[in-house]
Amino acid sequence: MSRVGKKPIPITGKTKVTLKDRELTVQGPKGSLSRTLHPGVELKIENEALHVSASDESKKARAVQGLMRSLVANMVTGVDRGFQRILEINGIGYRAALAGSTLTLNLGYSHPIEFKLPEGISAAVDKNNTITLSGIDKEKLGLTAASIRRLRGPEPYKGKGIKYAEERIQRKAGKTGTK
């Protein structure tokens, strides 16, 4: 049995969880999320906690149990507190600006890049070089942050590009002149 899957998911007083026809809906102060449960797992709501269990003892069902427990826990946390991801832009002339739900990025290319934020994800730009993404869906937030980072990933010689705030770039030595 999965160690992660065995842990109960606590439900706070502000969060409301409903399960109907294998469709889980979680509502909280920040919004609402819903997901269809995998057929290999069963979900029970008992004593202000959610319990995820495998429907049978097959290897696939035990593997999906831990995954579904993590996804449901992220849903509960997201509607209660939300999630945040911070990106840093390094490089001379590299900057970001926000206009509505469109992020304009100058990343050393001959043209600025217009990035449309998906529904449910909001952004804030500080000092033209720090982007703070926030939302209630952790999966969508991570995909959005990865898509922005992919536009100009950090390079190892000068450290220019977009990186996560907690990410550490392994630097390399450049060329040396010979005489």
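Before reading further, recall that the structure is shown in the block above.
Now for a quick tour of the structure. (Residues numbered from 1 in each chain as written. Predicted model: local features only at pLDDT ≥ 70, side-chain atom pairs only at ≥ 80, totals over all residues. Heavy atoms only, no water.)

**Topic: the sheet that holds strand 5 (residues 41-46)**
As a general point, the strands of a sheet are linked pairwise by backbone hydrogen bonds and lie either parallel or antiparallel. The cut-off we apply is this: For two strands to be treated as a pair, DSSP must find at least two bridges joining them. Secondary structure counts use DSSP, requiring at least four H or I residues in a row for a helix and at least two E residues in a row for a strand, with both numbered from the N terminus. We call two residues contacting when some pair of their heavy atoms lies within 4.5 Å. Helix axes are fitted to C-alpha atoms over the stretch in contact, other axes to C-alpha atoms as well, and angles between N-to-C directions run from 0 to 180 degrees.
Taken in spatial order, the three strands line up as 1-6-5 in an open sheet, and their pairing is antiparallel. Each edge of the open sheet is held by one strand with a lone partner, namely strand 1 (9-10) and strand 5. In this sheet, strand 6 (residues 49-54) lies alongside strand 1 in antiparallel orientation, the contact comprising two bridges. In the strand pairing of strand 6, I9 is matched with L50. In the packing of helix 2 (residues 59-80) onto the sheet, the strands contacted are strand 1, strand 5 and strand 6, and the crossing angle to strand 6 comes to about 160 degrees.

**Points about the packing of aromatic side chains**
Definition in use: Pairing of aromatic side chains here covers Phe, Tyr and the six-membered ring of Trp, requires ring centres within 6.5 Å, and sorts the geometry by plane angle: under 30 degrees stacked, over 60 edge-to-face, intermediate tilted. Should the NZ of a Lys or the CZ of an Arg lie within 6 Å of a ring centre and within 35 degrees of the ring normal, that charge is described as sitting over the ring.
The full count for this structure, using the stated rule, is zero aromatic pairs. Looking at R85, its charged tip hangs above the ring of Y164, at a distance of 4.1 Å from the centre. The ring of Y109 has R152 lying over it, and the distance from NZ or CZ to the ring centre is 4.3 Å.

**Some points on unusual backbone geometry**
For clarity, the cut-off: Using a 1.4 Å probe on the protein chains alone, a residue whose accessible area is under 20% of its type maximum counts as buried, one over 50% counts as exposed, and one in between counts as partly exposed.
Non-glycine residue N47 carries a positive phi angle of around 50 degrees. With respect to the helices and strands, N47 occurs in the loop between strand 5 and strand 6. The class for N47 is exposed, based on a relative accessible area of 76%. Despite not being glycine, N128 shows a phi value in the positive range, around 65 degrees. With respect to the element layout, N128 can be found in the loop between strand 11 (121-126) and strand 12 (130-135). According to the relative accessible area criterion, N128 is partly exposed, its value standing at 42%.

**A word on helix 3 (residues 138-151)**
Rule in force here: A helix's residues, less one, multiplied by 1.5 Å, set its expected span. Taken from the helix axis, the directions to the C-beta atoms give the arc we talk about. In protein, a polar contact means a hydrogen-donor-capable atom and an acceptor-capable atom, both N or O and within 3.5 Å, with residues adjacent in sequence counting only if both atoms are side-chain atoms; elsewhere, any N or O pair within 3.5 Å suffices.
Counted at 1.5 Å a residue, the expected span for helix 3 with its 14 residues is 20 Å, and the 20 Å between its end C-alpha atoms agrees. Every buried residue of helix 3 is accounted for by L141, T144, A145 and I148. Angularly, the buried residues of helix 3 cover 95 degrees about the axis, an arc narrow enough to put them on a single face. What points out from helix 3, more than 90 degrees from its buried face, is the exposed set L143 and R150. As for helix 3, its buried residues are in contact with strand 7 (83-90), strand 9 (102-106), strand 10 (113-116), strand 11, strand 12 and strand 13 (161-164). The N-cap residue of helix 3 is D137: its side-chain oxygen and the backbone nitrogen of E139 are 3.3 Å apart.

**Quick notes on the sheet that holds strand 2 (residues 16-20)**
The strand order 2-3-4 describes an open sheet built from three strands, whose pairing is antiparallel. Looking at which strands have only one partner, the edges of the open sheet turn out to be strand 2 and strand 4 (31-36). Averaged over all pairs of adjacent strands, the angle between strand axes in this sheet comes to 15 degrees, irrespective of strand direction. One ladder, built from five bridges, connects strand 2 with strand 3 (residues 23-28); its direction is antiparallel. Bridge pairing links K16 to Q27 in strand 3. Against the sheet, helix 2 engages strand 3 and strand 4, with an angle of about 165 degrees to strand 4.

**Details of the pattern of salt bridges**
Short version of the rule: We count a salt bridge whenever a side-chain nitrogen from Lys or Arg sits within 4 Å of a carboxyl oxygen from Asp or Glu.
Per the stated rule, a full pass over the model turns up six salt bridges. Between K14 and D80 there is a salt bridge; the shortest N-O distance is 3.6 Å. Placement of K14 in the loop between strand 1 and strand 2 and of D80 in helix 2 is noted, with a sequence separation of 66 residues between them. The class for K14 is exposed, based on a relative accessible area of 57%. Ionic pairing is found between R85 and E166, a salt bridge with its closest N-O pair at 2.6 Å. Placement of the pair is R85 in strand 7 and E166 in the segment after strand 13, with a sequence separation of 81 residues. Its relative accessible area of 57% is what places E166 among the exposed residues.

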